[in-house]
Amino acid sequence: MMRAAEPEPALPPGWALVALGDVATLAPGLPKSRAAPSKANLRLCISANHLAASGAESPPIVIAASARAAAAGPLREGDLLVPIAQGTPAAAIWRGSAEARFLDSSLIRIRPDATLLDSRFLQAHLRSVTPAAGAKPAAKKATTARSRIAELSRHQLQLPPLVEQRRRLDSLAEFEQHLTLASARLSRVPTRLGRYSELLVRLAVTGELVEPEAVLAVREGRDFSDGAALITSILAQRPSLAPPVSRKRTAKAKAVSKKVPPSAEAPLPPAPPGWAWSPLQELLAESLIHGRAPSKSSISAGTPVVTPEGVIAGDFSERFHRFTDAPRTRLAGLWLEPGDVLIVRTGSIDSLGRTAVYSGPSQYAVFTDSIFRARFSDLLIPAFMTLSIGMSVVRESMLARARPAPRSLFTLDSATAGSIPLLVAPRAEQERIVTELGRRQVAIDGMHRSVQMAARRAGRLEWTMLGRALSGTPTMSTTP
């Protein structure tokens, strides 16, 4: 049974469905000469690499031309240069002078009939039939110049009158200008959202994100427990902790550490109303400890080990895990619990002191020896303490106390890290800060998703408007 032919698309008055070969001449590029270059056969050559780099106007290659190439006529303004290979830039319009240049065998020259077809309209049409950016590339097929020319010559395009071609091209250029401007503005939004997020964190740790508990208590006529009283309660309720033991340092390490005097630390700023400074060690329910190195084999069947990369990314999935084959008896005391605060103790200047609250399953993973585990008192909120540790003055204090380690890294021992001062806010204020910061971060994440969706829509809109410009659609909007 014969398959019925597909009906031709309905075209507006004055339009015609034509084959490209009827309104343009197509010619293949010419091979390069295998002879040694000489003054007689040197010729300027343009290849597909020029289109991929900076367009057909980029400096050509001076190369030995074949006899046919040497006798070839010059390029004309408005000629289209089309690569033979699929999946490359669709076409470039030659806008140079009529110089004695030739196209090599990687290109095809298309010369439109200037009375019927505008070069820009044909270039836009070829761009519309090229896969969009991000589309899955088709399987590559070996293409010859003859087969490519035959394919292009048979290619059908909807051709309006020349005056309407130019009008639609001008309208499309105006729309793309608006779209480019809008996309540029859109691309700046994520950076501004990042700055806003950093500002929120700074306001949170300086007591400016929410109304201070001290002010609320005065207005409501009630008593409240300030940061100093909270620290006193923590010290009274916890068992006495054994002082952290510093690792024995070599003479070389001691000599290097003397180069960073304690006076290099910046003075602590005044605490916000109702807040107080306290050494990290006094706020813990258990002593500050670091973990163990993962096995060299890092077998995936062992016990998961959280890495500094996972802490920095705030991701405790297996994506950032390493593994240890040590027996569980040797891992006693290193198991992580939800709410544990992990602090990078060995790393570069940028990574030292980075923190995250562990959110994985209980008794599921341990942590590397490049990380401290801090278990704070129940009177403190772990998410707030990560904000306190992330303060610029606290991180500067860490760097001033850190000692150099191999591979241009820095490291902290338990005793030194335990003496680093942290800000403590009243418990009720901690809760309000964490809640308000989380609410605004959710809003920022939603804005990020909206920006990504708008960027995808802009890409689709560009292709939609390109299709409208090249079809018989009667109306076009220039506002993106």
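Look up: the structure comes first, before these words.
Bear in mind that the values here come from a model prediction, so they are computed numbers and not experimental data.

1. Some words on the sheet that holds strand β14 (residues 341–344)
And then number 1: Strands sit in the order β11-β18-β14-β16 across an open sheet of 4 strands; the sheet is antiparallel. Lying at the two open borders of the sheet, with one neighbouring strand each, are β11 (289–290) and β16 (355–357).
And then number 2: Strand direction decides the pairing type here: β11 and strand β18 (residues 371–374), joined by 2 bridges, are antiparallel. Note on β18: the bridge partner recorded for H290 is F372.
And then number 3: In the packing of helix α11 (residues 382–389) onto the sheet, contacts are made with β14 and β16, and the angle to β16 comes to roughly 175 degrees.

2. Observations regarding the packing of helix α4 (residues 119–128) against helix α14 (residues 427–470)
And then number 1: One way to put it is that α4 packs onto α14 with a least axis distance of 10 Å and a crossing angle of 130 degrees. If you check the angle between α4 and α14, you find them oblique. Both α4 and α14 take part in a crossing whose hand is left-handed. The segment α4 lies against α14, with F121, A124, H125, R127 and S128 engaging E462, W463, L466, A469 and L470.
And then number 2: For the contact of α4 with α14, the per-class residue count stands at 6 nonpolar, 2 polar and 2 charged.

3. Considering the nonpolar core
And then number 1: Judged by nonpolar contacts, the single largest core of 42 residues is most densely connected at L283, I343, F376, L380, L422 and I433.
And then number 2: Those residues in contact with L283 that sit more than four places away from it in its chain are I231, I234, R238, S278, F376, S377, L380, M385, L422 and V424.
And then number 3: In this structure, A24, I84, L152 and L466 belong to the second largest nonpolar core, which totals 26 residues.

4. Overview of the packing of aromatic side chains
And then number 1: Per the stated rule, a full pass over the model turns up 2 aromatic pairs.
And then number 2: Between W275 and F384, the ring centres sit 5.6 Å apart and the planes meet at 70 degrees, which makes this aromatic pair edge-to-face. Of this pair, W275 sits in the loop between α9 (251–257) and β10 (276–279) while F384 is found in helix α11, placing the two residues 109 residues apart along the sequence.
And then number 3: Residue class for W275 comes out buried when judged on its relative accessible area of 8%.
And then number 4: Take F384: its relative accessible area is 1%, and that puts it in the buried class.
And then number 5: Relative to Y358, the ring of F316 lies with its centre 5.2 Å away and its plane at 70 degrees, an arrangement referred to as edge-to-face. Of this pair, F316 sits in the loop between α10 (308–313) and β13 (322–324) while Y358 sits in the loop between β16 and β17 (366–367); the two residues are 42 residues apart in sequence, bridging distant segments of the chain.
And then number 6: Taking relative accessible area as the criterion, Y358 reaches 2% and is therefore assigned buried.

The rules behind each value
Residues numbered from 1 in each chain as written. Predicted model: local features only at pLDDT ≥ 70, side-chain atom pairs only at ≥ 80, totals over all residues. Heavy atoms only, no water. Pairing = 2+ DSSP bridges. Helix = DSSP H or I, 4+ residues; strand = E, 2+ residues; numbered from the N terminus. Contact = heavy atoms within 4.5 Å. Axes fitted to C-alpha atoms, helices over the stretch in contact; angles between N-to-C directions. Parallel < 35°, antiparallel > 145°, perpendicular 65-115°, else oblique. Left-handed = near helix turned anticlockwise from the far one by under 90°. Nonpolar A, V, L, I, M, F, W, Y, C, P; charged D, E, K, R; others polar. Core = buried A, V, L, I, M, F, W, Y, C linked by side-chain atoms within 4.5 Å. Buried < 20%, exposed > 50% of the residue type's maximum accessible area, 1.4 Å probe, protein only. Phe/Tyr/Trp six-rings, centres within 6.5 Å; stacked < 30°, edge-to-face > 60°.

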